[in-house]
Amino acid sequence: MSYRTALSHAMSSVIESGAERVRTHGVFPRASVAALGHSGLLALTVSAELGGQGLGLAEAAEVVAEVSRACPATGAVLRSHYAAVAVIEAHGIHWVRRKIATGHHLSTLALAEAVESGERGAPPGPPSTATRTGDVVALRARKHNVVGAGEADSYVWSSRPADGRGGLTLWLVPADAPGLFVPARPDGEGPRGSASSTVRADPVLVPAGAMLGPSGGGIGTVLGAVLPWLAALPAPGAAAARPVAAEVRAQPPAHGASWGLERHAP
């Protein structure tokens with residue numbers, strides 16, 4: 001079955017009929033996400049060798065645009081999932097990619113720092129930190145505007161490197177990681193029903209093997225994968241890419257290098 005045929009079936013059977021309830025009641029579109037998983041669309045960009053469809057950004061953008069027209073919340077969730085999968089495909093563990101390929105794993109981005117004062121336009125709060133003790137890493141942060149907060153199965157998470165150097169380190173944080181907290185009421189700016197909210201870690205404990213790529217090397221992944229995908233995937237709330245760009249700008253470049261974000265930020 002082609003991805004367009006699968007999308008048409010998911011749209012007509014679940015997504016379109018459930019969109020009004022999502023908009024009216026602000027409920028997370030769990031049935032629509034499940035339909036996308038069953039149809040193979042959550043695995044659209046996962047390597048075919050691992051059971052995904054092995055397609056790219058152009059096809060993902062087409063799917064996100066079509067889903068967003070019917071249900072903005074589902075489109076926003078799918079957009080963040082595809083951007084997270086781009087990171088996981090580049091650096092993730094095989095079993096996670098295989099889980100996504102089966103349609104039973106939803107991921108999302110947790111990259112932008114929360115503003116502790118709650119005032120819009122204020123600078124980011126204290127940066128995310130990572131402290132390693134043996135094979136366990138403690139992540140402390142307030143992540144802002146996380147789409148699918150409390151609903152996703154994993155978060156692509158950013159922090160300062162555990163060794164105290166400049167740059168960003170990326171982690172794959174499971175939703176059931178000890179210490180992860182999501183407020184009962186979403187407080188983010190995404191479409192209603194997208195469960196866009198703050199995610200707190202005080203701390204969250206993950207294995208050292210949850211690191212995605214090298215310590216301090218996350219900036220290259222953000223510039224090379226996350227921002228291009230967020231900019232190209234046309235879901236409502238596209239401004240969500242801007243807090244990520246602002247967060248990257250706020251990090252001190254390793255070894256005095258320039259990020260060159262002016263060319264990449266949407």
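See the structure shown above.
In this text, all values refer to a predicted model and were calculated from it rather than measured experimentally.

Analysis parameters
- Residues numbered from 1 in each chain as written.
- Predicted model: local features only at pLDDT ≥ 70, side-chain atom pairs only at ≥ 80, totals over all residues.
- Heavy atoms only, no water.
- Helix = DSSP H or I, 4+ residues; strand = E, 2+ residues; numbered from the N terminus.
- Buried < 20%, exposed > 50% of the residue type's maximum accessible area, 1.4 Å probe, protein only.
- Contact = heavy atoms within 4.5 Å.
- Expected span 1.5 Å × (residues − 1).
- Pairing = 2+ DSSP bridges.
- Axes fitted to C-alpha atoms, helices over the stretch in contact; angles between N-to-C directions.
- Left-handed = near helix turned anticlockwise from the far one by under 90°.
- Nonpolar A, V, L, I, M, F, W, Y, C, P; charged D, E, K, R; others polar.

Asks: Hey, could you run me through the overall build of the protein in this one?
Replies: When helices and strands are counted, the protein shows seven helices and eight strands. Across the 266 residues in the protein, those meeting the buried criterion constitute 51%. Considering only residue pairs separated by 6 or more positions, the protein has 68% of its internal contacts joining residues 24 or more positions apart.

Asks: What should I look at first to understand helix H4 (residues 72-91) in this one?
Replies: Residue pairs spaced three or four apart in an α-helix point in one direction, given the helix's 3.6 residues per turn. An ideal rise of 1.5 Å per residue puts 28 Å on 20 residues; H4 measures up with 29 Å between its terminal C-alpha atoms. Across the 20 residues that make up H4, a large majority, 16, are buried.

Asks: I tried to follow the sheet that holds strand E2 (residues 129-133) on my own but got confused; where do I start?
Replies: Strand pairing within a sheet occurs via backbone hydrogen bonds; the two strands may be parallel or antiparallel. Taken together, four strands build an open sheet; the order of strands is E2-E3-E7-E6 and the sheet is antiparallel. The open sheet has two edge strands, E2 and strand E6 (180-181), and neither has a second partner. By the bridge criterion, two bridges tie E6 to strand E7 (residues 197-207) in an arrangement that is antiparallel. Bridge pairing links Leu 180 to Ala 201 in E7.

Asks: How do you make sense of the packing of helix H1 (residues 3-25) against helix H3 (residues 57-70) when you look at a structure like this?
Replies: To characterise two packed helices, one gives the angle between the axes of the helices and the distance between these axes. The N-to-C vectors of H1 and H3 enclose an angle of 35°; their axes lie 8 Å apart at closest approach. In this structure, the crossing between H1 and H3 has a hand that is right-handed. Residues Tyr 3, Arg 4, Leu 7, Met 11, Ile 15, Glu 16, Ala 19 and Arg 23 of H1 form the contact with H3, whose own contacting residues are Glu 59, Glu 62, Val 63, Glu 66, Val 67 and Ala 70. Residues belonging to the contact of H1 with H3 are distributed by class as follows: eight nonpolar, no polar and six charged.

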